[in-house]
Amino acid sequence: MRQEEERIVWQGKFVTAKVRGKWEYVSRARGIRAAVILAIDTDDRGHDHVILVEQFRVPLGKVCIELPAGLIGDGDDAGEAPEVAAARELEEETGYRAKRLETLGEFYSSPGMVTESFTLLRAHGLTKVGPGGGTPGENITAHRVPLAGLEAFVAERRALGDAIDVKMLMLLGPGMLRG
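Residues numbered from 1 in each chain as written. Predicted model: local features only at pLDDT ≥ 70, side-chain atom pairs only at ≥ 80, totals over all residues. Heavy atoms only, no water.

> Quick one: what's the story with the pattern of salt bridges, residue by residue and with numbers?
Throughout the structure, instances matching the rule amount to 13 salt bridges. Here Glu66 makes a salt bridge to Arg57, at a shortest N to O gap of 2.8 Å. Classification of Glu66 by relative accessible area gives buried; the value is 7%. With its nearest N and O atoms 3.5 Å apart, the salt bridge here joins Glu89 to Arg88. (Salt bridge = Lys/Arg side-chain N within 4 Å of Asp/Glu carboxyl O. Buried < 20%, exposed > 50% of the residue type's maximum accessible area, 1.4 Å probe, protein only.)

> Now, about the packing of aromatic side chains: what can you tell me, with residues and values included?
This structure, assessed with the given rule, holds one aromatic pair. The cationic tip of Lys167 hangs over the ring face of Phe118; the distance from NZ or CZ to the ring centre is 5.2 Å. (Phe/Tyr/Trp six-rings, centres within 6.5 Å; stacked < 30°, edge-to-face > 60°. Lys NZ or Arg CZ within 6 Å of the ring centre and 35° of its normal.)

> Can you lay out the nonpolar core for me, pointing to particular residues and giving the numbers?
Counting residues in each nonpolar core, the largest one holds 20 residues, and the members touching the most others are Val50, Leu52, Leu67, Leu150 and Met168. At the level of elements, strand E4 (33-42), strand E5 (48-57), strand E9 (117-128), helix H2 (150-159) and helix H3 (169-178) are the ones that each hand at least two residues to this core. Per element, the largest residue contribution to this core is four residues, and it comes from E4. Other than its neighbours up to four places away in sequence, Leu52 contacts Ile65, Glu66, Leu67, Thr141, Ala142, His143, Val145, Leu150, Phe153 and Met168. (Core = buried A, V, L, I, M, F, W, Y, C linked by side-chain atoms within 4.5 Å. Helix = DSSP H or I, 4+ residues; strand = E, 2+ residues; numbered from the N terminus. Contact = heavy atoms within 4.5 Å.)

> Quick rundown of the side chain of Gln55? Include the residues and the values.
Checked against the element boundaries, Gln55 lands in strand E5. By relative accessible area, Gln55 is classed as buried at 8%. At 3.2 Å, the side chain of Gln55 forms a polar contact with the side chain of Arg57. Ignoring any residue separated from it by four or fewer positions in sequence, one finds Gln55 in contact with Lys62, Val63, Cys64, Glu66, Glu138 and Ile140. (Polar contact = N/O pair within 3.5 Å; in protein donor to acceptor, adjacent residues only side chain to side chain.)

> Talk me through unusual backbone geometry; I want residue IDs and the actual numbers.
Note: most peptide bonds trans; most residues except glycine with negative phi. Look at Asn139: it is not a glycine, yet its phi comes out positive at around 50°. When you line up the elements, Asn139 lands in the loop between E9 and strand E10 (141-146). A residue is classified by how much of its surface remains accessible, and Asn139, at 65% relative accessible area, is exposed.

> Please give an account of the pairing of strand E3 (residues 23-28) that cites residues and values.
Examined bridge by bridge, strand E2 (residues 15-20) and E3 share six bridges and lie antiparallel to one another. Paired with Val19 across the strands is Glu24, a residue of E3. Between the end of E2 and the start of E3, which pair antiparallel, lie two residues, with Gly21 showing a positive phi angle near 65°. (Pairing = 2+ DSSP bridges.)

> Report on H2, specifying residues and quantitative values.
Side chains that are three or four residues apart share a direction in an α-helix, a result of its 3.6 residues per turn. Turning to H2, its buried residues are Leu150, Phe153, Val154 and Arg157. Buried residues of H2 fall within an arc of 95° about the axis and therefore sit on the same side. For H2, the exposed residues set more than 90 degrees away from the buried face come down to Ala152 and Ala159. Phi turns positive one or two residues past the end of H2, at Gly161, with a value near 95°. (Arc of directions from axis to C-beta.)

> How would you sum up the sheet that holds E2? Please name residues and give values.
Taken together, the three strands give an open sheet; going across it, the order is E1-E2-E3, and neighbouring strands pair in antiparallel fashion. The sheet terminates laterally at strand E1 (6-11) and E3, the two strands that pair on one side only. Within the sheet, the average angular offset between the axes of one strand and its neighbour, ignoring direction, is 30°. (Axes fitted to C-alpha atoms, helices over the stretch in contact; angles between N-to-C directions.)

> Could you give an account of the environment of Phe153, with specific residues and numbers?
For Phe153, the position within the fold is in helix H2. You can call Phe153 buried: its relative accessible area is 14%. For the pair Phe153 and Trp23, spaced 130 residues apart in the sequence, the C-alpha separation amounts to 37 Å. Leaving out residues up to four positions away in the same chain, Phe153 has contacts with Leu52, Ile65, His143 and Val145.

So far we have only geometry, and geometry alone does not tell us how the molecule works.
In structure tokens:
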């Protein structure tokens, strides 16, 4: 299939708007990608908990419930590895440190409109080492939610008017498929 030439319509510090034929879409400037962390912690009774974050998202105008995540190579290290970014973001946002990070693959968040991809990493061997909350100004709240109660947690947050990030579907999917 022959593709038409891509044109940049507008570029800011973080986002680039592009056109290719009749398609309008956006990408992150400078080819920056994201690392998303699936952090599941098992308590001493064998119950699994997922570590989630709550953060106000300006484009939505409301709080969003999400998996911890952050940009890869956003600072001075353009060649930063996804595992390094994931380890940093997990600790900054949630206060947890992982003994090991496993790369689960690269995924695209909304491929009909955004070129952005993210690397999904599974965090193993979690230890609480700090308060979390993100960097100054992020105002992130971390939640340690029992997997068995995740559907109820999401329903409660939705009832409060919070947004739910699409990546939460990987955890909610089995329940949705059961109907």
